[in-house]
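Observations on chain architecture
These are the residues of each chain, in order.
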Amino acid sequence: MIYLELIKTFFIIGMFSFGGGLANMELIRSRVVADHSWLTNTEFTDIISISEMTPGPLGINIASFVGTRTAGIPGTLAATLAYVAPAMVIVLIMARVYYKYRNLDAVKGVLNGLHPAVAAMVLAAAVKIVGNAWWGGIEQAAPANTDGIAVVLALIFLVLLQKKKLGPVQSILLSGVSGAVCYYFIGV
Amino acid sequence: MESGQAIQTASQPAAQSARKADAHTLWTLFKTCFIISGCTFGGGMVIISMLQKKFVEELKWISQEEVMDLVAIAQSCPGVMAVNTSIIIGYRIAGVGGALLTVAGTVLPPMIILTIISTCYVQFRSNQLVALILKGMQAGVAAVMINVTLTMSGNVLKKKEVLSAAMLVCAAAAILLFDADVILVIIVCGCISGLLTWRHMKEAKTR
């Protein structure tokens with residue numbers, strides 16, 4: 001049953017999403033792309049691009065997109081509500097604990113200790129996403145099927161992000177426009 | 001002095017909510033979250049600063065000191081920070097019902113927008129121009145991901161703690177080379193971090 005599968009998957013994603021936004025990409029990708037094949041790697045990156053250009057958090061956007069694609073509007077409701085449900089319960093419990101003890105040191109300590117794991121997950125997601133953009137998948141990484149335009153564009157925008165403090169939204173938009181021009185004239 | 005004040009205001013959520021939770025308050029809660037969520041691009045921190053501005057500076061429903069603590073709680077919980085912040089603001093002002101309303105207000109705009117995009121995605125993607133732009137954007141997203149990776153890993157390595165660095169390397173290797181489940185990695189790292197925190201706190205107590 002697709003609704004149950006959506007609810008189960010997005011509930012678990014919601015429960016283990018630490019660090020916000022791009023930090024959870026590998027968790028979401030592993031469930032949505034690798035386990036269930038609800039999206040392809042390319043569609044997954046498309047959704048990150050679209051999310052940067054529409055309001056709302058990345059996680060909600062992905063839950064809504066996947067829900068609609070797999071099971072229509074009921075699917076959207078199932079996936080999105082399941083995604084926020086664990087946060088709802090945990091935040092309310094934490095709020096009560098806070099008003100009772102006014103001390104979050106233990107929680108903050110554990111979360112600080114999770115920073116290396118979060119960094120590792122971002123690294124893993126980056127490898128998959130870069131692999132897909134440059135070679136159509138990290139497994140197929142070879143000089144022969146390298147997308148030269150994608151490599152050059154990614155490196156240019158990396159420099160702009162690092163040195164010129166260009167924002168992520170602007171980077172993705174500009175790379176879309178310049179990429180379209182390059183692919184049109186040089187060929188895909 | 002300041003933190004003392006924050007604790008005082010924080011200690012009376014029940015009294016506050018009883019006074020304020022009328023229909024107009026509830027409508028304002030929902031409307032504010034809906035508008036902010038629907039009009040704010042750039043995610044996380046941007047939405048939170050908008051919520052702060054509205055609830056602290058304009059409506060004066062929550063004090064600046066308390067809102068800092070509430071944001072800290074929202075950040076310590078799993079899930080989306082903007083949603084968590086709206087949950088806790090709703091709860092603070094009108095109890096669990098308020099939290100349900102603010103969450104609905106925050107989630108609905110992106111949900112509606114993405115449902116529409118998702119429905120049109122296939123046609124949209126088959127347009128040649130759109131396909132080329134999205135292909136170009138793949139490189140932009142790749143650049144953003146490399147950039148975030150460099151920043152986050154750099155921050156961990158900068159601390160020059162052997163254990164953090166080892167955790168980073170082992171976790172990345174487990175996911176990339178051995179195809180380990182991401183959730184398993186989070187749980188293992190969380191346990192290690194929990195043990196360390198517990199030891200720290202015990203040491204701090206005995207000192």
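Throughout what follows, the structure given in this document is the object of discussion. Only a predicted model underlies this, so the values are computations on that prediction, with no experimental measurement involved. (Residues numbered from 1 in each chain as written. Chains lettered and ligands numbered in written order. Predicted model: local features only at pLDDT ≥ 70, side-chain atom pairs only at ≥ 80, totals over all residues. Heavy atoms only, no water.)

A few words now on the overall build of chain A. The secondary structure content of chain A amounts to 8 helices and 0 strands. Taken from N to C terminus, the helices and strands of chain A fall in the order α-α-α-α-α-α-α-α. Principal-axis analysis of the C-alpha atoms places the extent of chain A at approximately 65 × 45 × 30 Å. Each of the 188 residues in chain A was classed as buried or not, and the buried ones make up 55%. (Helix = DSSP H or I, 4+ residues; strand = E, 2+ residues; numbered from the N terminus. Buried < 20%, exposed > 50% of the residue type's maximum accessible area, 1.4 Å probe, protein only.)

Attention now moves to the interface of chain A and chain B. Listed as interface residues are 94 residues of chain A and, on the opposing side, 84 residues of chain B. Buried area between chain A and chain B, both sides added, is near 7900 Å², and the carbon and sulfur share of it is 79%. If you look at where chain A meets chain B, you find 3 salt bridges. Two residues, Arg31 of chain A and Asp181 of chain B, come together in a salt bridge whose shortest N-O distance is 2.1 Å. Elements supplying a minimum of two residues to the side of chain A that touches chain B: helix 1 (2–15), helix 2 (25–35), helix 3 (41–53), helix 4 (58–101), helix 5 (105–113), helix 6 (115–135), helix 7 (148–163) and helix 8 (168–186) of chain A. A total of 22 residues in the side of chain A that touches chain B trace back to one element, the largest contributor, which is helix 4 of chain A. (Contact = heavy atoms within 4.5 Å. Buried area = accessible area lost by both parts, 1.4 Å probe. Salt bridge = Lys/Arg side-chain N within 4 Å of Asp/Glu carboxyl O.)

Let's shift gears to the packing of helix 3 (residues 23–39) of chain B against helix 6 (residues 81–126) of chain B. Residue and element names in this part refer to chain B. Direction vectors running N to C along helix 3 and helix 6 enclose 40°, while the axes themselves pass 8 Å from each other. Comparing their axes, helix 6 and helix 3 come out oblique. Along this stretch, helix 3 crosses helix 6, giving a crossing that reads as right-handed. Looking at the contact of helix 3 with helix 6, its residues break down into 12 nonpolar, 9 polar and no charged. (Axes fitted to C-alpha atoms, helices over the stretch in contact; angles between N-to-C directions. Parallel < 35°, antiparallel > 145°, perpendicular 65-115°, else oblique. Left-handed = near helix turned anticlockwise from the far one by under 90°. Nonpolar A, V, L, I, M, F, W, Y, C, P; charged D, E, K, R; others polar.)

All names here are of chain A. The final tally for this structure, using the stated rule, is 10 salt bridges over all chains. Among the salt bridges present, the one from Glu26 reaches Arg29, with a minimum N-O distance of 3.3 Å. On the criterion of helical spacing, the pair formed by Glu26 and Arg29 is a turn pair, its members being 3 residues apart in helix 2. A residue is classified by how much of its surface remains accessible, and Arg29, at 8% relative accessible area, is buried. Shared partners join several salt bridges into a network, and the residues in it are Glu26, Arg29 and Lys128.

Across all of its chains, the model carries 8 aromatic pairs over all chains by this definition. Ring centres of Tyr184 of chain A and Phe185 of chain A lie 5.2 Å apart, and the angle between their planes is 90°; this geometry places the pair in the edge-to-face category. This pair shows no difference in class: Tyr184 of chain A is exposed, exactly as Phe185 of chain A is. Through successive ring pairs, a cluster of aromatic residues spans Trp27, Phe30 and Phe34 of chain B. (Phe/Tyr/Trp six-rings, centres within 6.5 Å; stacked < 30°, edge-to-face > 60°.)

On to the nonpolar core. The nonpolar side chains of a soluble globular protein tend to be buried, and buried together. Ranked by internal contacts, the top residues of the largest apolar core, which has 114 residues, are Phe10 and Met25 of chain A. A per-element tally of this core places helix 4 of chain A first, with 18 residues. (Core = buried A, V, L, I, M, F, W, Y, C linked by side-chain atoms within 4.5 Å.)

On to a nonpolar patch on the surface. Where nonpolar side chains cluster on the molecular surface, the patch consists of Val177, Val181, Tyr184, Phe185 and Ile186 of chain A and spans about 600 Å² of accessible area. Judged by relative accessible area, Val177 of chain A falls into the exposed class, the value being 51%. (Patch = residues over 30% accessible without salt bridge, like charges linked within 9 Å, V, L, I, M, F, W, Y side chains within 5 Å. Areas by Shrake-Rupley, 256 points an atom, 1.4 Å probe, with all protein chains shown as cover.)

Attention now goes to unusual backbone geometry. Residues and elements named next belong to chain B. Positive phi is not limited to glycine here, since Lys160 has a value of about 55°. Within the secondary structure layout, Lys160 lies in the loop between helix 7 (128–158) and helix 8 (162–176). With a phi close to 55°, Asp179 is a non-glycine residue in the positive phi region. Locating Asp179 in the fold gives a position in the loop between helix 8 and helix 9 (182–206). Overall, the relative accessible area of 67% leaves Asp179 in the exposed class.

Let's shift gears to helix 7 of chain B. Residues and elements named next belong to chain B. Taking 1.5 Å as the rise per residue, helix 7 with 31 residues should run 45 Å; its terminal C-alpha atoms sit 45 Å apart, in good agreement. Taking the backbone nitrogen of Leu129 as reference, a side-chain oxygen 2.9 Å away marks Asn127 as the first, capping residue of helix 7. One or two positions beyond helix 7, positive phi appears at Lys160, with a value near 55°. (Expected span 1.5 Å × (residues − 1). Polar contact = N/O pair within 3.5 Å; in protein donor to acceptor, adjacent residues only side chain to side chain.)

Glancing now at the packing of helix 1 of chain A against helix 4 of chain A. Residues and elements named next belong to chain A. Between helix 1 and helix 4, whose axes approach to 7 Å, the crossing angle comes to 40°. In terms of axis orientation, helix 1 runs oblique to helix 4. Crossing geometry of helix 1 relative to helix 4 is assigned as right-handed.

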